[in-house]
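Structural overview for review
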Amino acid sequence: MIAPELVQSVAVQFVPLQLEGVSGAAIAGGLVLVLAIITVWQMVEIVDAYDRGALTVFGEYRKLLDPGLNIVPPFVSRVYTFDMRTQTLDVPTQEAITRDNSPVTADAVVYIRVMDAKRAFLEVDDYKRAVSNLAQTTLRAVLGDMELDDTLSRRERINERIRTELDEPTDEWGIRVESVEVREVTPSRDVKGAMEQQTSAERKRRAMILEAQGERRSAVEKAEGDKQSEIIRAQGEKQSQILEAQGDSISTVLRARSAESMGERAVIDKGMDTLTEIGQSDSTTFVLPQELTSMVGRYGKHLTGSDVESDGTELDSLEFDEETRELIGLDDIAEIIGEIDEQAEMDVEAMEQQAQAIKEGKGSVSGPNAEPETAGADGDTDD
């Protein structure tokens, strides 16, 4: 098509020439030149790389023009360009009533792309305005089908439902909805105040629960500590009582042993006195009490450090420490036994002498230390 401004400028330029008396041929040649330039200009159509052009001739759709230089019929054609890049549409703030009768307001952003420029040109008047209006109604419908808590916490679900609702009608227009993002969902002022109070109460409840749990844990740990302390104290008292009982037992045993040893020692001392008296008498025969011999034999085992069975097998020695030996008087008993052994050796020697004298017929010995009498002139011996 010829631009009106171009025609007007050409007419203005040639009018002065005509008035100056220029020839008609020159004027005609100039008009033809200008018309040729305008025609060539009308035939050339340049389409950008990110656009597509819908060509119409006499108002009839002919084809889509590719990016670059295109030749179109001059003066009778028109080109409508469509941006093939992803475009952003702002959805104005919408008011809606949720399913639980809570008023909310929300706005969103829709990302679209023209996939078929021919259908976008022929099927819809203004695809941007159409998509925006459809997104507004869909947003209100989706919010009205949800509860307030879901609208505030489930944004992904709202976005997906709006995109799904927009897909079918926009496909017929040659438009693809790439994504929908709900930017903000705001409840009414009264609902917001109630929600703040609810949130505050919930936080207080949680704080009270945490405090109660802390106190309970502290009480449990304190009770556990007291229990462990009582157990340890009871164990200490038990060990103390056991050690005390063991000490008493050992002390009792030692006292009993001491008393027994002292009693036996007294018996031995008495027996030794008796033996002394017997040894000083004139008799050559004397009897030892069984108790004395058994005690002397028992202490003899301790003094010798061993015991011997009938078959001669040596048993383990029974030894006393220095304190026990001093307590029961084993050293004194050893001295007593030594004296008894010496006395026994003396008695045996005297008895041998007496036996020899009787064998020779020289007489008898009245005592253990008596000298044998000498025979008379007639060979008789005195009784």
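Residues numbered from 1 in each chain as written. Predicted model: local features only at pLDDT ≥ 70, side-chain atom pairs only at ≥ 80, totals over all residues. Heavy atoms only, no water.

The protein chain appears in an unreviewed UniProt entry as Phosphoesterase from Halostagnicola larsenii XH-48. The UniProt entry for the protein chain carries the following comment under Subcellular location (unreviewed entry): "Membrane". Recorded under Sequence similarities (unreviewed entry), the UniProt text for the protein chain is reproduced unchanged: "Belongs to the band 7/mec-2 family." (UniProt positions renumbered as here; feature names shortened; annotations may be inferred.)

**A word on the overall build of the protein chain**
What the protein chain contains, in helices and strands, is 10 helices and 8 strands. Within the protein chain, the proportion of its 383 residues that are buried is 26%. Counted over contacts in the protein chain with a minimum sequence separation of 6, partners at least 24 positions apart contribute 64%. Roughly 26200 Å² of accessible area belongs to the protein chain as shown, and the carbon and sulfur atoms make up 51% of that amount. (Helix = DSSP H or I, 4+ residues; strand = E, 2+ residues; numbered from the N terminus. Buried < 20%, exposed > 50% of the residue type's maximum accessible area, 1.4 Å probe, protein only. Contact = heavy atoms within 4.5 Å. Areas by Shrake-Rupley, 256 points an atom, 1.4 Å probe, with all protein chains shown as cover.)

**Some details on the pattern of salt bridges**
With the rule as written, the count across this model stands at 13 salt bridges. Residues Arg129 and Asp126 are paired through a salt bridge, measuring 4.0 Å at the closest nitrogen-oxygen approach. Asp145 is paired through a salt bridge with Arg161; the nearest N and O atoms lie 3.2 Å apart. Here Asp145 is found in the loop between helix H4 (127–144) and helix H5 (148–153), whereas its partner Arg161 is found in helix H6 (residues 155–172), with 16 residues between them in sequence. Exposure remark for Asp145: the relative accessible area of 39% places this residue in the partly exposed category. The network of salt bridges with common partners includes Arg113, Arg176 and Glu178. (Salt bridge = Lys/Arg side-chain N within 4 Å of Asp/Glu carboxyl O.)

**Some details on the packing of aromatic side chains**
By the definition in use, this model includes 4 aromatic pairs. Each ring, one from Tyr61 and one from Phe121, has its centre 6.1 Å from the other, and the planes form 35°; the classification is tilted. Of this pair, Tyr61 sits in strand E3 (residues 60–65) while Phe121 sits in helix H3 (residues 117–122), and the two are 60 residues apart along the sequence. On the basis of an interplanar angle of 75° and a centroid distance of 6.2 Å, the ring pair of Phe82 and Phe121 is categorised as edge-to-face. With Phe82 in strand E5 (residues 77–83) and Phe121 in helix H3, this pair connects stretches of sequence that are 39 residues apart. (Phe/Tyr/Trp six-rings, centres within 6.5 Å; stacked < 30°, edge-to-face > 60°.)

**Things to note about the confidence of the model for the protein chain**
In the predicted model, the protein chain carries a mean pLDDT of 75, and 61% of its residues have values of at least 70. A low-confidence stretch, residues 305–317 stays under pLDDT 50, and its non-local contacts, those more than four residues away or across chains, total 12 contacts. Low confidence marks residues 363–383, where pLDDT is under 50. Its contacts with residues over four positions away, or in another chain, come to 26 contacts. (pLDDT = per-residue confidence, 0-100.)

**Some details on the sheet that holds E3**
Here we have 3 strands laid out as an open sheet, ordered E3-E2-E5, and antiparallel in their pairing. Whereas interior strands pair on both sides, the edge strands pair on one side only; in this sheet they are E3 and E5. Shown here is a sheet whose adjacent strand axes are inclined to one another by a mean of 25°, direction ignored. In this sheet, E5 lies alongside strand E2 (residues 51–57) in antiparallel orientation, the contact comprising 7 bridges. Considered in E5, the bridge of Arg52 is made with Phe82. (Pairing = 2+ DSSP bridges. Axes fitted to C-alpha atoms, helices over the stretch in contact; angles between N-to-C directions.)

**A short note on unusual backbone geometry**
For Phe58, which is not glycine, the phi torsion reads 55° and is therefore positive. Within the secondary structure, Phe58 sits in the loop between E2 and E3. For Phe58, a relative accessible area of 68% translates into the label exposed. In this model, Asn101 sits at a positive phi of 60°, which is unusual for a non-glycine residue.

**Here's the deal with helix H2 (residues 24–43)**
Across its 20 residues, H2 extends 28 Å between first and last C-alpha, which sits within 8% of the 28 Å expected from 1.5 Å per residue. Within H2, burial applies to Ile27, Gly30, Val34, Ile38 and Gln42. Considered in projection along H2, the buried side chains sweep an arc of 110° and stay on one side of the axis. Residues of H2 that are exposed and point more than 90 degrees away from the buried face comprise Ala25, Val32 and Leu33. (Expected span 1.5 Å × (residues − 1). Arc of directions from axis to C-beta.)

**Remarks on the nonpolar core**
Nonpolar side chains in soluble globular proteins tend to be buried together. Core analysis: the largest hydrophobic core is formed by 34 residues, its most contacted members being Val110, Ile112, Leu139, Ile158, Ile162 and Ile175. Broken down by secondary-structure element, the contributors of at least two residues to this core are strand E6 (87–97), strand E7 (103–114), H3, H4, H6 and strand E8 (175–187). Looking at this core, the element that brings in the most residues is H4, giving 7 residues. Contact partners of Ile175, with chain neighbours within four places excluded, come to Ile112, Arg113, Val114, Ala120, Tyr127, Val131 and Thr170. (Core = buried A, V, L, I, M, F, W, Y, C linked by side-chain atoms within 4.5 Å.)

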